[in-house]
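A structural walkthrough
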Amino acid sequence: MTLSPARVPATGVRRLTTTLYGYAFLDDFVLLYPVYALLFADTGMSLWQISSLFALWSITSVVLEVPSGAWADAMSRRRLLWIGPLLTAAGFALWVIVPSYWAFAVGFVLWGAGGALGSGALEALVYDELDRLGAAGRYARVMGRARAARLVGTVASLGLAGPVFAQGGYAAVGAASFLACVLTAVTATRFPEHRVRPDDAGDNWATTLRTGLAEVRGDRSVRGALLLIPAVAAVWGALDEYTPLLVRDIGVAEATVPYLIMLIWAGVTVGSLLTGPAERLGPAGLAALLAGAALALAVGAAARSLAGIALVSLAFAGFQLAEVLADARLQHRIDESRRATLTSVASLGTELATVATFAVYALLGTDMAHSTVFAVLAVPYAVTALALARARAATARP
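Residues numbered from 1 in each chain as written. Predicted model: local features only at pLDDT ≥ 70, side-chain atom pairs only at ≥ 80, totals over all residues. Heavy atoms only, no water.

**Concerning the environment of T184**
Here T184 is to be found in helix 7 (residues 139-188). Relative accessible area serves as the criterion here: at 1%, T184 is assigned to the buried category. Put simply, T184 and L81 are 103 residues apart on the chain and 8.8 Å apart in space, counted from C-alpha to C-alpha. (Helix = DSSP H or I, 4+ residues; strand = E, 2+ residues; numbered from the N terminus. Buried < 20%, exposed > 50% of the residue type's maximum accessible area, 1.4 Å probe, protein only.)

Set out below in structure tokens:
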């Protein structure tokens, strides 16, 4: 039977999105997430040693973020997407087989490298395959659903970690995490990839990196879209780490805190799923979204109540939605041959801005309540919204 032209793209999009959602779910379905800090402590690691492990993880991601994006533009992106989870799997295996400081350190380096290989490569592969099928306009909706799938994977792993740990301890949750990584790698091999790779034309990753950075310097619209991603993603990404402290300060019982955190993440999931209807938001609409989310964050945090936590959840939903839309704006503006490189540059900016936010939070939190710090850190979003509105007004002038 001959397929009609309308059905061929639909079939291709379905294969791509099904693979993407499965990959995203499995990539965050890691039962070690809620217990790996306990594993380190139970092995005898001091707080300083544990902190140094987290720092090593972050440093690895920062160092490899941009080179890995250039590699993804100079070779098969699908290959990097299945190699990355295997590196992470090897790290998890080390943790439970030979638990020691150096095994944990090597594991974090492998995990950081695995994450860096997928950062930029995934977005670039998905966008280019959708573009090939004439469906690039669906990118924001598809990536929003992929982020929702990641959140479901995280929540599922949190729910299963307790009973699995009770039955088999660290070995059991480690084995389950190793298996999830392997399944992630297997799923990645199912991604379609039809582009003509730059290495077929003689380019290498260093050339790709240079030309990508030249595009940022030479194109104001690309530069603005790239800078918008860390401006949207960094602050709320850092605040997420402090939400348990914010929730506890409203006076609820300790046992209630996880349920309110789940409420916040339910809002984030809803934000991911709303990207379809919000795809047509222009700069003015995105500015209004950020301004509204900033207001909800400031009022909700300052309220120090259950209703306030609901407003924080609403704010996080807005920030998640804005983050996906900002990524889509960047993808629409950059060339296919440098897509992964520039996406990784944006991710690097987000990571550095997130670290800076941690430092600001620590500085402000010395003398202020968590609710006050949350409210203060809503200000950068108001500033970003104002900048978007001014840029829109300047563009609209004759």
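**Details of the packing of aromatic side chains**
Following the criterion strictly, the structure yields 27 aromatic pairs and no others. Relative to F108, the ring of F40 lies with its centre 5.7 Å away and its plane at 65°, an arrangement referred to as edge-to-face. Separated by 68 residues along the polypeptide, F40 in helix 2 (residues 36-42) and F108 in helix 5 (residues 101-118) bring together distant segments of the chain. Residue classification places F108 among the buried residues on the basis of a relative accessible area of 0%. (Phe/Tyr/Trp six-rings, centres within 6.5 Å; stacked < 30°, edge-to-face > 60°.)

**Topic: the environment of L158**
In this structure, L158 sits in helix 7. Along the chain, L158 and V35 lie 123 residues apart, while their C-alpha atoms are 9.4 Å from each other.

**Regarding helix 6 (residues 121-132)**
Between its first and last C-alpha atoms helix 6 spans 16 Å; for twelve residues at 1.5 Å apiece the expected length is 16 Å, and the two agree. In terms of burial, helix 6 is a largely internal element, ten of the twelve residues being buried. Looking at helix 6, one finds that the buried residues are A121, L122, E123, A124, L125, V126, Y127, D128, E129 and L130. Trailing helix 6 by a residue or two, G134 shows a phi angle of about 75°, which is positive. (Expected span 1.5 Å × (residues − 1).)

**Some words on the packing of helix 6 against helix 15 (residues 339-365)**
Viewed as axis vectors pointing N to C, helix 6 and helix 15 meet at an angle of 135°, and their least axial separation amounts to 8 Å. The angle between the axes of helix 6 and helix 15 places the two elements in the oblique class. Remark: the crossing between helix 6 and helix 15 carries right-handed chirality. Every residue of helix 15 that contacts helix 6 at A121, E123, A124, Y127 and D128 is listed here: R339, A340 and T343. A per-class count over the contact of helix 6 with helix 15 returns four nonpolar, one polar and three charged. (Axes fitted to C-alpha atoms, helices over the stretch in contact; angles between N-to-C directions. Parallel < 35°, antiparallel > 145°, perpendicular 65-115°, else oblique. Left-handed = near helix turned anticlockwise from the far one by under 90°. Contact = heavy atoms within 4.5 Å. Nonpolar A, V, L, I, M, F, W, Y, C, P; charged D, E, K, R; others polar.)

**Here we look at the nonpolar core**
Counting residues in each nonpolar core, the largest one holds 85 residues, and the members touching the most others are V126, F191, L297, F316 and F319. When residues of this core are assigned to their parent elements, the largest contribution, twelve residues, is made by helix 14 (residues 306-333). Residues L32, F40, I50 and F104 belong to the second largest nonpolar core, which totals 24 residues. (Core = buried A, V, L, I, M, F, W, Y, C linked by side-chain atoms within 4.5 Å.)

**Re the side chain of T354**
Mapping T354 onto the fold places it in helix 15. Among the polar contacts made by the side chain of T354, one reaches the main-chain carbonyl oxygen of T350 at a distance of 2.7 Å. Excluding anything up to four places from it in sequence, T354 contacts A234 and A238. (Polar contact = N/O pair within 3.5 Å; in protein donor to acceptor, adjacent residues only side chain to side chain.)

These figures come from the coordinates and say nothing about function on their own.
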